[in-house]
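Reading the structure
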Amino acid sequence: MVYCSDSLWNGDSVSVLAVRLATALRRLDSVPLVIQPPVPGGEEIDPPGDPSVALSGDEYFVAWCQPFCIGTTPYNLNAAFRRLSRNGQFVDSAAVVVSYGVNAHSYPDVASDGPDFLSVWIDTRHDSIQRSEAVCGMRFSQDGNRLDPAGFRISPPDAAHPAVAYGAGRYW
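Residues numbered from 1 in each chain as written. Predicted model: local features only at pLDDT ≥ 70, side-chain atom pairs only at ≥ 80, totals over all residues. Heavy atoms only, no water.

Considerations on unusual backbone geometry
- Positive phi, normally seen in glycine, also occurs at Tyr107, with a value near 55°.
- Here Tyr107 is to be found in strand 8 (residues 105-112).
- Despite not being glycine, Asp158 has its phi angle at roughly 70°, a positive value.
- The exposure class assigned to Asp158 is exposed, which follows from its relative accessible area of 64%. (Helix = DSSP H or I, 4+ residues; strand = E, 2+ residues; numbered from the N terminus. Buried < 20%, exposed > 50% of the residue type's maximum accessible area, 1.4 Å probe, protein only.)

Remarks on the environment of Asp158
- When you line up the elements, Asp158 lands in the loop between strand 11 (152-153) and strand 12 (166-167).
- The spatial distance from the C-alpha of Asp158 to the C-alpha of Ala134 is 6.0 Å, given a sequence separation of 24 residues.
- Here Asp158 is in contact with Ser132 and Glu133, once residues within four sequence places are set aside. (Contact = heavy atoms within 4.5 Å.)

Points about the environment of Asp143
- Structurally, the position occupied by Asp143 is in the loop between strand 10 (134-141) and strand 11.
- For the pair formed by Asp143 and Val91, sequence separation is 52 residues and the distance between their alpha carbons is 8.8 Å.
- A distance of 3.1 Å separates the side chain of Asp143 from the side chain of Asn145, its partner in a polar contact. (Polar contact = N/O pair within 3.5 Å; in protein donor to acceptor, adjacent residues only side chain to side chain.)

Section: a nonpolar patch on the surface
- Taken together, the side chains of Met1, Leu21 and Leu25 make up a nonpolar region of the molecular surface, amounting to roughly 340 Å² of accessible area.
- Positionally, Leu21 belongs in the loop between strand 2 (15-18) and strand 3 (33-36).
- On the basis of relative accessible area, Leu21 is assigned to the partly exposed category, the value being 39%. (Patch = residues over 30% accessible without salt bridge, like charges linked within 9 Å, V, L, I, M, F, W, Y side chains within 5 Å. Areas by Shrake-Rupley, 256 points an atom, 1.4 Å probe, with all protein chains shown as cover. Salt bridge = Lys/Arg side-chain N within 4 Å of Asp/Glu carboxyl O.)

Observations concerning the nonpolar core
- If you look at the biggest cluster of nonpolar residues, it comprises 12 residues: Ala54, Phe61, Ala63, Ala79, Phe81, Val98, Val110, Phe117, Trp121, Cys136, Met138 and Phe140.
- Those elements giving two or more residues to this core turn out to be strand 5 (59-70), strand 6 (73-85), strand 9 (116-123) and strand 10.
- Ranked by the residues each element gives to this core, the list is headed by strand 10, at 3 residues.
- The next biggest cluster of nonpolar side chains, apart from the first, holds 9 residues, and it includes Leu33, Ile35, Val62 and Trp64. (Core = buried A, V, L, I, M, F, W, Y, C linked by side-chain atoms within 4.5 Å.)

Looking at the pattern of salt bridges
- The final tally for this structure, using the stated rule, is 5 salt bridges.
- When the shortest N-O distance is used, the salt bridge between Arg20 and Asp29 registers 2.7 Å.
- When its relative accessible area of 16% is taken as the criterion, Arg20 is described as buried.
- Note that Arg83 and Glu59 form a salt bridge whose closest N and O atoms lie 3.2 Å from each other. In this pair, Arg83 is assigned in strand 6 and Glu59 in strand 5, connecting sequence segments 24 residues apart. Here the two residues Arg83 and Glu59 agree in accessibility, since each one is buried.
- Salt bridges sharing common partners tie together Glu59, Arg83 and Asp92.

Here's what the structure looks like:
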């Protein structure tokens, strides 16, 4: 289970957290795992949000939207991910940004087909004149490599809050 909270150790700054649960809903972690700590320096302009998690083999893939700064470009929301092993150890030393775009990438969701992951999110980069939002996606291998480095558009403009699942041999 993944969630965002500003009440755990960090004052007004928001963290992305995870708690592993056994099948009988018993907590496996005495304290939540901090997937993404808060941005240094206090309250964020846009805090991280909308976390999602999927399992493939022995690894969890956690996705969320996070403000990032590129050089002198101001903070912008981008979809990010980090992988964890089933025993709660981090596979990635830090968050990996899915796409550094000039427009916001928000509401990520993730699913797994077994060996790979598909992350989807709302992206405004495809129609910057009208500022329409479309669902975009990117596949990742179990080792975190981008299988579609440029990503791909999935929906027409004006989409909102995507969700993805895998079953019956296809992503839905």
